[in-house]
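Remarks on the overall topology
In case you want the letters, here they are:
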Amino acid sequence: MTMRHAPVSPKLPVLMHGADYNPDQWLHDPKVLEEDIRLMKLAGCNVMAIGIFSWAALEPTEGEFRFQWMDEVLERFQQNGIYAWLATPSGARPAWLSAKYPEVLRLEANRVRNLHGMRHNHCYTSPAYREKTAIINGKLAERYAHHPAVLGWHISNEFGGDCHCGLCQDAFRTWLKKKYGTLDALNMAWWTNFWAHTYTDWSQVESPAPHGENMVHGQNIDWRRFVTDQTIDFCKHEIDSVKSANPELPATTNMHMIEGLDYRKFSRVLDFVSWDAYPTWHKGNDDIELGASVAFYHDLYRSIMQKPFLLMESTPSLTNWQPVSKLKQPGMHRLSSLQSIAHGSDSVQYFQWRKSRGSSEKFHGAVVDHAGHEHTRVFKDVAELGQSLADISEVTGASTPAETAILFDWDNRWAVKDAQGPRNMGIHYEETVIKHHRALWEQGVPTDVIGSEDDFGPYKLIVAPMLYLCREETGRKLEQFVENGGTLVATYWSGVVDEHDLCHLGGFPGPLRKTLGIWAEEIEGLYDEDSNGLSMLADNELGITGRFEAHEICELIHAEQAEVLGTYTDSFYAGRPALTVNRLGRGKAYYMAARHKEDFLLAFYTSVVSQAGVARALESELPSGVTAALRTDGETDYVFLMNFSGEAKRVELDGRGYRDVETGQVAEAIVALPVNGITVLKRKANPAGTAS
Ligand code: GLA
Ligand code: ZN
């Protein structure tokens, strides 16, 4: 069975390696542009993202277009076997556009209009911005959509933020009318009788504001949903304006700001997902926590479209905008870059190719330094990686099959943070999801990160930490998943509100109560210095013994149908259920009533993974800080062994017969991984085409 996806672009069916390329900063010095090509080839780069912020260079005054420089760049690319993701330039406006059409400037939540400047700050509703974008995009498409060097479209840059202008307010009201039909329905859904917030005319409804309405939770969450839809609508407008010239060219947009946009919904309009990763490596003695967290995000972005994504940006050395900018230690460039491939990326790309001479990113890491030549540590790291990507290029298009999924919904994330209680000093939703994911990562369990509207069918194990916003429908789907033999893990603060952020009545966890077999009667937040404990009962089915700390959040629950596996140790909680399991149909559902630390999560998931029969990338013990990830085409499995521990480690393989993909040599039974080491192995896949 083939499990290989078509390459992102048929023109370049290999792992891609390259950078954001901004030749428009160097048009005054043609020698630089010539030298760039020599260096790109030397670095093993085969792709560049161009034109991302080129609007002023392409259309210096309204209606006057200059394409010659772009013609020449693409021509040089073509002659040298380099390909381009061609960007639409809407991420930053030329000054003439803001001056002539002030409506394109965003109004912040405080209702003050921005001045011209910066980037990523235009109104997505403005007809003028849409029109001007369509014109420049159309010109680019007309000229380059059939250019042999162009692979596809890089739409805008890192969409994000919201605009509160009159045009956006009108669009929000139209969106609400479509959703609710009547004001009565809206008032009920938003529970506006509280504090006499009832709306009596649609014109009274506005976006949340720091100096106005911001306490109506249903309104806040609908505004975020609207902003997502409006941004996607703008993105689609851009895609339509370039695709008419050549529908075959794929389009993506680089994602980055996870907070404000429900990126999963972008799958409606994109051909593939790409994202920009900037981890702050080397904070502390090891990179385990960060390695696990980056793995989560790779899994999240890959799962949006369930196929290979592109790492559109990363830094070849350091960033210049984080609190502390550390260099990548030897090996880390290779490890962090190939980590993205291990989790399903088919590219490693950087911001940016050549360091800018001036302005705010002149000290941001780039492939070519201000020194201007290839004799730098960073350039060598990049060139070596280019060679590695070429050596492992057979991975291109291979899938990342997962039998485990973490449930992570953007609207749940928004609602949890807006909830007000039980722990406003730090509810730590995303951190918690990442901790649960980490316990799977540490065992090398391939994991998808999905939303509640996705299909649960492919999974044996679903982990849904803090599923606070839980629709009735999600409750039904999870119930069915368990009845059909799946294993569900849920935690405290689940099944609390519905899609309107209205509390489920009749006892939490609302639509999950039957599946979990418990009633969560009360919840409390703990101060940092408080704690409770979980004591595992003798002979519990997980085979875990001992006492584990509970911190930050504890619930008092009743085991209704569920069996108790562990109880609280302290205070008036002592003896009350803290960990339960409920059997339903052919499956089971665990409930963690309190927040626990890494030691418990690792013990818990080690047992759950083996009981649920979930396959790991490598069926042998992984030393702490070493993980394994898997890609497969159904015939060959690719196993990536990665060492984030900060120490040299040795990994014993599981005897399935491995070869090192880069060297082609048969692998020894024990693989030595240096600090920041990564080894890519291959083995014959099991006939079913799954990892198990
Ligand atoms: C973002 C942007 C880039 C650049 C990098 C720097 O991801 O998309 O244009 O500013 O950050 O890290
Ligand atoms: Zn607006």
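This structure is a prediction, so every number in the text was calculated from the model and none was measured.

Take the sheet that holds strand β26 (residues 678-684) next. One open sheet holds the four strands; their spatial order is β21-β22-β26-β24, and the pairing between them is antiparallel. Every interior strand has two partners, whereas the edge strands, β21 (626-632) and β24 (659-660), have only one. Packing against the sheet, helix α10 (residues 332-342) makes contact with β21, β22 (636-643) and β26, and its axis sits at approximately 145° to β22.

On to the packing of helix α9 (residues 288-305) against helix α13 (residues 429-441), then. In contact at an axis separation of 9 Å, α9 and α13 are set at 100° when each is read in the N-to-C sense. When the axes of α9 and α13 are compared, the pair comes out roughly perpendicular. Packed against α9, whose contacting residues are I288, E289, G291, A292, S293, A295, F296, Y297 and D299, the element α13 presents E430, V433, I434, H437, R438 and W441 at the interface. Of the residues in the contact of α9 with α13, the class split is eight nonpolar, three polar and four charged.

In this structure the tally under the stated criterion is 50 salt bridges. One salt bridge in this structure joins D233 and R130, with 2.8 Å as the shortest N-O distance. Within this pair, whereas D233 is found in helix α8 (residues 217-243), its partner R130 is found in helix α5 (residues 127-144), the two being separated by 103 residues in sequence. With a relative accessible area of 36%, D233 lands in the partly exposed category. Here the salt bridges share partners, and the residues they tie into one network are K179, D222, R225, D411 and R471.

Let's shift gears to the domain arrangement of the chain. With domains assigned, the chain is organised as domain 1 (16-162 + 230-395), domain 2 (404-612) and domain 3 (626-684). Its C-alpha centre places domain 1 at a distance of 38 Å from the equivalent point of domain 2. Taken together, the 22 residues of domain 1 in the interface contact 19 residues of domain 2. Both sides together, the interface formed by domain 1 and domain 2 hides about 1800 Å², and carbon and sulfur atoms give 56% of it. Considering only the side of domain 1, the residues that lose the most area to domain 2 are E259, R264 and F296, jointly responsible for 35% of the buried surface there. Put simply, domain 1 and domain 2 have five salt bridges between them. As a salt-bridge pair, R264 and D409 come within 3.8 Å of each other at their nearest N and O atoms. Taken together, the connections running from domain 1 to domain 2 amount to 13 residue pairs in polar contact (both at pLDDT 80 or more). Top element by residues in the side of domain 1 that touches domain 2 is α9. It accounts for 12 residues. Partitioning the side of domain 1 that touches domain 2 into residue classes produces nine nonpolar, seven polar and six charged.

The next thing to look at is the nonpolar core. F77, W353 and F604 are the most contacted members of the largest nonpolar core, which totals 191 residues. Formed by 14 residues, the second largest nonpolar core is a distinct cluster that contains L622, V626, A628 and V671.

Looking at the secondary structure, you find Q349 in strand β9 (residues 345-350). Using a relative accessible area of 0% as the deciding quantity, one classes Q349 as buried. Separated by 3.0 Å, the side chains of Q349 and S347 make a polar contact. When near neighbours in sequence (up to four residues on either side) are disregarded, Q349 contacts G18, A19, V47, W85, L310, L311, M312, E313 and S314.

As a general rule, the predicted coordinates of low-pLDDT regions are not to be interpreted in detail. Overall, the prediction assigns the chain a mean pLDDT of 97, with 99% of residues at 70 or greater. Ranking the elements of the chain by mean pLDDT puts helix α12 (residues 410-418) last with 97 and strand β13 (residues 487-491) first with 99.

Here nine strands make up an open sheet; going across it, the order is β5-β4-β3-β2-β1-β9-β8-β7-β6 and the pairing parallel. Each edge of the open sheet carries a strand with a single partner, namely β5 (251-252) and β6 (254-255). Most of the contacts of α10 go to β9, to which it runs at about 140°, and overall it touches β8 (309-313) and β9.

Looking now at unusual backbone geometry. Between G421 and the following residue, P422, the backbone shows a cis peptide bond with an omega angle of 0°. For P422, the position within the fold is in the loop between α12 and α13. The amide bond that connects F508 to the next residue, P509, takes the cis arrangement and shows omega of 5°. Position of P509 relative to the elements: it lies in the loop between β13 and α15 (513-516).

Bringing the packing of helix α3 (residues 68-79) against α5 into the picture now. At a minimum axis distance of 12 Å, the contact between α3 and α5 shows a crossing angle of 40°. Considered as vectors, α3 and α5 are oriented oblique to each other. Crossing handedness for the pair α3 and α5: right-handed. Residues M70, D71 and L74 of α3 form the contact with α5, whose own contacting residues are L140, R143 and Y144. The class makeup of the residues in the contact of α3 with α5 is four nonpolar, no polar and two charged.

Our focus in this paragraph is the site of ligand 1. Around ligand 1, the surrounding shell consists of F53, R119, N157, E158, D276, Y278, E313, W321, F351, E361 and H364. Residue N157 places a side-chain N or O atom 2.9 Å away from an oxygen atom belonging to ligand 1. Within the side chain of W321, a nitrogen or oxygen atom sits 2.6 Å from an oxygen atom of ligand 1. Burial of ligand 1 by the protein chains amounts to 97% of its free accessible area of 310 Å². Residue composition of the shell around ligand 1, by class: four nonpolar, two polar and five charged.

Let's shift gears to the pairing of β9. Burial of β9 is extensive: six of the six residues sit out of reach of the surface. One ladder, built from four bridges, connects strand β1 (residues 16-21) with β9; its direction is parallel. Among the inter-strand pairings, G18 is bridged to a residue of β9, identified as Q349. Looking at chain direction, β8 and β9 are connected through two bridges and run parallel.

On to the pairing of β22. Along β22, seven of the eight residues are buried, which leaves the element largely enclosed by surrounding structure. With seven bridges joining them, β21 and β22 adopt antiparallel strand pairing. In the strand pairing of β22, A629 is matched with F640. Hairpin connection, β21 to β22: the antiparallel pair is bridged by three residues, and G634 has positive phi, about 95°.

How each quantity is defined
Residues numbered from 1 in each chain as written. Chains lettered and ligands numbered in written order. Predicted model: local features only at pLDDT ≥ 70, side-chain atom pairs only at ≥ 80, totals over all residues. Heavy atoms only, no water. Pairing = 2+ DSSP bridges. Helix = DSSP H or I, 4+ residues; strand = E, 2+ residues; numbered from the N terminus. Contact = heavy atoms within 4.5 Å. Axes fitted to C-alpha atoms, helices over the stretch in contact; angles between N-to-C directions. Parallel < 35°, antiparallel > 145°, perpendicular 65-115°, else oblique. Nonpolar A, V, L, I, M, F, W, Y, C, P; charged D, E, K, R; others polar. Salt bridge = Lys/Arg side-chain N within 4 Å of Asp/Glu carboxyl O. Buried < 20%, exposed > 50% of the residue type's maximum accessible area, 1.4 Å probe, protein only. Domains from an automatic or database assignment. Buried area = accessible area lost by both parts, 1.4 Å probe. Polar contact = N/O pair within 3.5 Å; in protein donor to acceptor, adjacent residues only side chain to side chain. Core = buried A, V, L, I, M, F, W, Y, C linked by side-chain atoms within 4.5 Å. pLDDT = per-residue confidence, 0-100. Left-handed = near helix turned anticlockwise from the far one by under 90°. Near = heavy atom within 4 Å. Areas by Shrake-Rupley, 256 points an atom, 1.4 Å probe, with all protein chains shown as cover.

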